[in-house]
Amino acid sequence: MTMTTTNRSTVYQIDCEMTKKGKMFAGSKLRVCFKFGFANAAAVRAGQTGTECRGAEHQVVFIWSLTSGKQVVLVDGHEVHFSKSRRFDKFECEWEMAGGHRLSVAAHASAPLFEKKEGFRQFDLVVDGVSFWDMPKMFQLGSSKIDGEYRHVRSCPPTLGRQVSLPEECD
């Protein structure tokens, strides 16, 4: 994994929380909250590492009612997408954030039933072409070990519902 640099700074992951939130049946409404940030370039240049390099941090929340078809995307508490669709298997949304950063959310209602799909992610946030699951973690910011010792560290997206076999490093 190499440091992922946008046109301005390194984008890093903070947290991802996935919950089932339906009123009557928990699995009828899915909520996914991605937290990520753009590293403080001055701190990185000054040789600081880890949390000392934290910069502007953001939250993207995706809510999908599988019953009604309503889909909402919120960025830092502001709605950037709302729709009601009868397509219940897949969702995609793309927008531009302040500062010229391109973001997109992709979601699948469920994991594949009968076949393993290499690289399948039930939910994903992409920032400037970089998947949330491929972003460096906060502790890796400013570290020269990003291409060495920490290379094996990668995020493993959780899935809701069915068990999916994960790569060995995720077990």
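Please read all numbers here as calculations on a predicted model, not as lab measurements.

### Focus on the overall build of the protein chain
- Across its full length, the protein chain carries one helix and nine strands.
- Written out in order from the N terminus, the α and β elements of the protein chain read β-β-α-β-β-β-β-β-β-β.
- With 171 residues in all, the protein chain has 40% of them scored as buried.
- Within the protein chain, residue pairs in contact and separated by at least 24 positions form 49% of the contacts whose partners lie at least 6 positions apart.
- On the protein chain, roughly 9700 Å² of surface is accessible, and the fraction owed to carbon and sulfur atoms is 49%.

### A look at the sheet that holds strand β8 (residues 123-127)
- Here four strands make up an open sheet; going across it, the order is β6-β7-β8-β9 and the pairing antiparallel. Two strands close off the open sheet at either side, each with one partner strand: β6 (90-97) and β9 (130-131).
- Taken together, the eight bridges between β6 and strand β7 (residues 101-108) define a ladder with antiparallel strand orientation. Among the inter-strand pairings, Cys93 is bridged to a residue of β7, identified as Val105.

### Examining the pairing of strand β5 (residues 78-84)
- The pairing of strand β4 (residues 70-75) with β5 spans six bridges and is antiparallel. The residue bridging Val73 from the neighbouring strand is His81, located in β5.
- Once β4 ends, the chain turns through two residues before running back antiparallel as β5, passing Asp76 with a positive phi of about 50°.

### Side note on the sheet that holds strand β2 (residues 29-38)
- In space, the five strands of this open sheet follow the order β1-β2-β3-β4-β5, with antiparallel pairing throughout. Either end of the sheet is taken by a strand with one partner, and the two such strands are β1 (11-20) and β5. Looking at each pair of strands side by side, their axes are set apart by 10° on average, direction ignored.
- Sheet topology places β2 next to strand β3 (residues 56-65); ten bridges connect them, and they run antiparallel. Opposite Arg31, over in β3, you have Ile63 as the bridge partner.

### Looking at unusual backbone geometry
- A positive phi angle, near 50°, is found at Asp76, a position not held by glycine.
- With respect to the helices, strands and loops of the structure, Asp76 is situated in the loop between β4 and β5.
- Even without being a glycine, Asp128 presents a positive backbone phi close to 50°.

### Considering the pattern of salt bridges
- All told, the structure shown has six salt bridges when counted by the stated rule.
- As a salt-bridge pair, Asp124 and Arg121 come within 3.9 Å of each other at their nearest N and O atoms.
- The closest approach of N and O atoms between Asp134 and Arg121, which form a salt bridge, is 3.3 Å. In this pair, Asp134 is assigned in the segment after β9 and Arg121 in the loop between β7 and β8, connecting sequence segments 13 residues apart.
- Where salt bridges share partners, they join Glu94, Glu96 and Arg102 into one cluster.

### Focus on the confidence of the model for the protein chain
- Model confidence for the protein chain is summarised by a mean pLDDT of 79, while 78% of its residues fall at 70 or above.
- Under a pLDDT of 50 for its full length, residues 1-7 has, in the predicted model, 29 contacts with residues more than four places off or in other chains.
- Low pLDDT, under 50, characterises residues 146-171; the predicted model gives this stretch 47 contacts beyond four residues in sequence or across chains.

Rules used throughout
- Residues numbered from 1 in each chain as written.
- Predicted model: local features only at pLDDT ≥ 70, side-chain atom pairs only at ≥ 80, totals over all residues.
- Heavy atoms only, no water.
- Helix = DSSP H or I, 4+ residues; strand = E, 2+ residues; numbered from the N terminus.
- Buried < 20%, exposed > 50% of the residue type's maximum accessible area, 1.4 Å probe, protein only.
- Contact = heavy atoms within 4.5 Å.
- Areas by Shrake-Rupley, 256 points an atom, 1.4 Å probe, with all protein chains shown as cover.
- Pairing = 2+ DSSP bridges.
- Axes fitted to C-alpha atoms, helices over the stretch in contact; angles between N-to-C directions.
- Salt bridge = Lys/Arg side-chain N within 4 Å of Asp/Glu carboxyl O.
- pLDDT = per-residue confidence, 0-100.

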